[in-house]
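Now for the letters of each chain:
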Amino acid sequence: MIRKSQQSFRKLLPWYVNRSLSALECEAVEAGISRDDRARAEVDAWKQIQTAVTSQPQRMPSSQVRQRLMAIIREPTASFTRVTRPSWSLFAGALLTLSVLILLWLAVRPGVVLQWSLERDRMTSYRIYRASQGSSQFELVTEIPAQANRLRYSFVDALLMPGRNYIYRVEGIHADGVSTFSQIVNSHSQDVLPGQLALILTSVIIGYGIVIVMRQWTLLSQRKVMEHFT
Amino acid sequence: MNHNAAFYDIKIVEMDKSISSASDIYLLRRVASGDELAFGELYQRYHGSIYNYVLRLIHEPKEAEDLLQEIFLAVWRGAHRFREQAQVKTWMYRIAHYQAISWLRKHRPVTPFDDMTVINLEVPEQVTFETWQSDEVRKAINHLSPKHRAVLELAFVHGMAYGEIAQVVGCPVGTVKSRMSYALRVINGKLKAADFVS
């Protein structure tokens, strides 16, 4: 019991040194010190620590901190929000939008759907050609290998410039190397555009939506911290 | 016209005088209502001590300036939520402590000290305290973890009572006292190990 009481008064010694104890506590500590040499040595140790700590060089922040602060609080929109760089939010939103767009584009593949069928299975592969409408300069889009016993094929051309019309033809390659061309078919941009725009819009909403939610979440956690402080 | 201008000048001087002698709580109430002048006075009173407190915990002058800005922005934005259950100074230091510790958590490895260690390390009865040099003590203090340094700083540089320190660092009074005792043991141990003490 006595040991516990000794320890409790010794735990007050740093605050005896910094003079923040109440009069009652001060009396108890002084009574303890008067009968305990070790406590007196500890007080001296605390005084040396106090001297060392208080003699550390003081630095002052740059005056720009005050200027920046005053500029921020004078902004009409200055509210609880932590100062975030808008360019960072824009960049993060754009990056998320692009990622979502790529994923959705690969999943939905909004584009021109070409379908063709055969009477007999005798081709080894099919080449799909595309040209802008009004041009005869066909370019190879892709080559699809033929599958045994399969008579119906389809291909989605999703890499299209919005608003542009295209023409297509399919070249069937026979086993002997001879090829046969299909007739030319037209595609109209207005058939594809709504789907593409819907995907772009959805991606923008999801991308920037995530950024907004994250900012709101940060704001909410800051608000909780401030409420905790008050 | 000239008379009016002179009268106006005198009025401004009087207003500044009243601000500079106002209590912290009065200033904070005015800050809560959007008074920039009161905010400027609070900044003037505390920016140096809070900056040095944060700087001694994180040891990065530029980052400490950024944190100082964040701390005073938090004061500006949170002034209307202050419920006057603590001193304004304690409240501001608590925000500063929180910001500094959050920064350290993000930028520094986890400190090996924890409160369990403190509880298990009792002061041996035979420990002796010698005469130390301030420089040597300061070196030894640098071996303390930020949370132990924080308690020392708040007690000796900022003259806080243990109850106030507990409010600032957000832990029980017993933990504050234990951290102080632990800090003394570490400093004493470091000084002896480094042969600083004769």
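Residues numbered from 1 in each chain as written. Chains lettered and ligands numbered in written order. Predicted model: local features only at pLDDT ≥ 70, side-chain atom pairs only at ≥ 80, totals over all residues.

Caption draft 1: The arrangement of unusual backbone geometry in detail. Its identity as a non-glycine residue notwithstanding, A:N149 has a phi of 65 degrees, on the positive side. In the Ramachandran plot, B:H59 falls in the positive-phi region, its phi being about 60 degrees despite a non-glycine side chain. Looking at the element boundaries, B:H59 is found in the loop between α3 (36-58) and α4 (61-78). Assessed through the 13 C-beta atoms surrounding it within 10 Å, B:H59 is described here as partly exposed. (Helix = DSSP H or I, 4+ residues; strand = E, 2+ residues; numbered from the N terminus. Buried ≥ 20, exposed ≤ 12 C-beta atoms within 10 Å, placed from the backbone.)

Caption draft 2: Up close: the interface of chain A and chain B. Across the boundary between the two partners, chain A contributes 38 residues, which contact 46 residues of chain B. Put simply, the parts of the chain that give the side of chain A that touches chain B at least two residues each are α2 (13-17), α4 (37-54), α5 (63-74) and α7 (189-229) of chain A. With eleven residues, α4(A) is the single largest residue contributor to the side of chain A that touches chain B. By residue class, the composition of the side of chain A that touches chain B is 19 nonpolar, twelve polar and seven charged. (Contact = placed C-beta atoms within 7 Å. Nonpolar A, V, L, I, M, F, W, Y, C, P; charged D, E, K, R; others polar.)

Caption draft 3: Molecular detail of the pairing of strand β3 (residues 139-145) of chain A. Residues and elements named next belong to chain A. Among the seven residues that make up β3, zero are buried, leaving the element largely open to the surroundings. Where strand β2 (residues 123-132) lies against β3, six bridges are found, and the strand directions are antiparallel. From the neighbouring strand, Y129 faces β3, where its bridge partner is L140. Between β2 and β3, which pair antiparallel one after the other, the connecting turn spans six residues, and G134 there sits at a positive phi close to 95 degrees. (Pairing = 2+ DSSP bridges.)

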